[in-house]
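Architecture at a glance
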Amino acid sequence: MSNELKKQEIIDAYRFRHATKKFDPTKKISDEDFEFILEVGRLSPSSIGLEPWQFVVVQNEQLREKLKTVSWGAQGQLPTASHFVLILARTMKDTKYDSDYIKNHLKQVIKYPEEVIETVVNDKFKNFQEKDLLLLENERTLFDWASKQTYIALGNMMTAAAQIGIDSCPIEGFHYQSVHKILEEEGLLEDGHLDISVMVAFGYREAEPRPKTRKKREQVVKWIE
Ligand SMILES: Cc1cc2nc3c(=O)[nH]c(=O)nc-3n(C[C@H](O)[C@H](O)[C@H](O)COP(=O)(O)O)c2cc1C
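Residues numbered from 1 in each chain as written. Predicted model: local features only at pLDDT ≥ 70, side-chain atom pairs only at ≥ 80, totals over all residues. Heavy atoms only, no water.

Looking at the ligand, there are 14 residues lining it, with A19, K21, G73, G173 and K212 nearest. Note that an oxygen atom of the ligand is positioned 2.9 Å from one of the side-chain N or O atoms of R17. A distance of 3.0 Å separates an oxygen atom of the ligand from a polar side-chain atom of R214. Protein burial of the ligand: of its 620 Å² of free accessible surface, 65% is covered by the chains. The element best represented in the shell around the ligand is strand β3 (residues 167–171), accounting for three residues. Here the shell around the ligand is built from residues that sort into five nonpolar, four polar and five charged. (Near = heavy atom within 4 Å. Polar contact = N/O pair within 3.5 Å; in protein donor to acceptor, adjacent residues only side chain to side chain. Areas by Shrake-Rupley, 256 points an atom, 1.4 Å probe, with all protein chains shown as cover. Helix = DSSP H or I, 4+ residues; strand = E, 2+ residues; numbered from the N terminus. Nonpolar A, V, L, I, M, F, W, Y, C, P; charged D, E, K, R; others polar.)

A complete count under the given rule lists 15 salt bridges for this structure. For E114, the salt bridge identified is with K107, shortest N-O distance 3.4 Å. Across the salt bridge formed by D144 and R140, the nearest N and O atoms sit 3.0 Å from each other. Here D144 and its partner R140 are both found in helix α8 (residues 139–163), four residues apart, which amounts to about one turn of the helix. By relative accessible area, D144 is classed as partly exposed at 32%. Given the relative accessible area of 57%, R140 is considered exposed. (Salt bridge = Lys/Arg side-chain N within 4 Å of Asp/Glu carboxyl O. Buried < 20%, exposed > 50% of the residue type's maximum accessible area, 1.4 Å probe, protein only.)

A few words now on the sheet that holds strand β1 (residues 53–57). Within the open sheet, the four strands sit side by side as β1-β2-β4-β3. Their pairing is antiparallel. Each edge of the sheet is formed by a strand with only one pairing partner; in this case those strands are β1 and β3. Mean inter-strand twist for the sheet, computed between neighbouring axes without regard to direction, equals 25°. Where β3 and strand β4 (residues 194–203) come together, five bridges link them in antiparallel fashion. Bridged to C169 within β4 is A201. In this fold helix α2 (residues 31–42) packs onto β1, β2 (83–90) and β4, with an angle of close to 165° to the strand it touches most, β1. (Pairing = 2+ DSSP bridges. Axes fitted to C-alpha atoms, helices over the stretch in contact; angles between N-to-C directions. Contact = heavy atoms within 4.5 Å.)

Take the packing of aromatic side chains next. By the definition in use, this model includes four aromatic pairs. Taken together, a centroid distance of 6.0 Å and an interplanar angle of 70° make the contact between F34 and F202 edge-to-face. In this pair, F34 is assigned in helix α2 and F202 in strand β4, connecting sequence segments 168 residues apart. Residue class for F34 comes out buried when judged on its relative accessible area of 5%. For F202, a relative accessible area of 0% gives the class buried. The interplanar angle of 40° and the centroid separation of 6.0 Å between the aromatic rings of W53 and F55 together place this pair among those described as tilted. In this pair, the class of W53 matches that of F55, namely buried. The ring of F16 carries R205 above its face, with NZ or CZ at 4.1 Å from the centroid. (Phe/Tyr/Trp six-rings, centres within 6.5 Å; stacked < 30°, edge-to-face > 60°. Lys NZ or Arg CZ within 6 Å of the ring centre and 35° of its normal.)

So, in structure tokens, the structure goes:
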């Protein structure tokens, strides 16, 4: 396929994607297509390669009902989505520079030689988190950093879905503390190592959306030459 065609396909997907308020409840995404969407999430980039996320696919009706009571932004999506994903982010317990999670991740996933790990975390990562990004101010600053990474996966998954004709809706219209409580009761937060970051619903649209509205390019792009 030529680059021109590829570009057109990608732009078409961005035009096709819209925040779907309600899905056709009779249409299910195939296992193969949903695996593809999850794989795009898994392959997404993250700061210093930490992959500070977990994708929880909620197909259980009772849990969806519970979430609906505290998620004003997902009223139409929770009952109708073919697949509903909670994107969890790792908390300070796992994302502080010298956490066991980071050390294990460097060793087992990124395959750093064992002898360099202590220096990397206590020198490079400490400096980066403490001095460059000011992430160690409080638990929230570190959690929000992990949460930012999850939004990259979120965007990639929605775009990839759109490229194969699947609709989606990102969701942060919910009461965080209430969702936290529900997920804690369900035993999904790994003793405080994970917390809710954002949600995303996938499925097939029930109705056509209104035309897309966006600012003009010159309102959002500045060139310095
Ligand atoms: C991080 C994020 C959270 C969002 N939360 C919700 C939500 O809770 N419920 C909802 O219906 N739409 C939600 N939206 C959708 C936006 O309102 C929508 O993307 C925006 O109005 C632009 O419209 P479009 O996506 O259809 O082009 C969210 C979007 C983003 C990026």
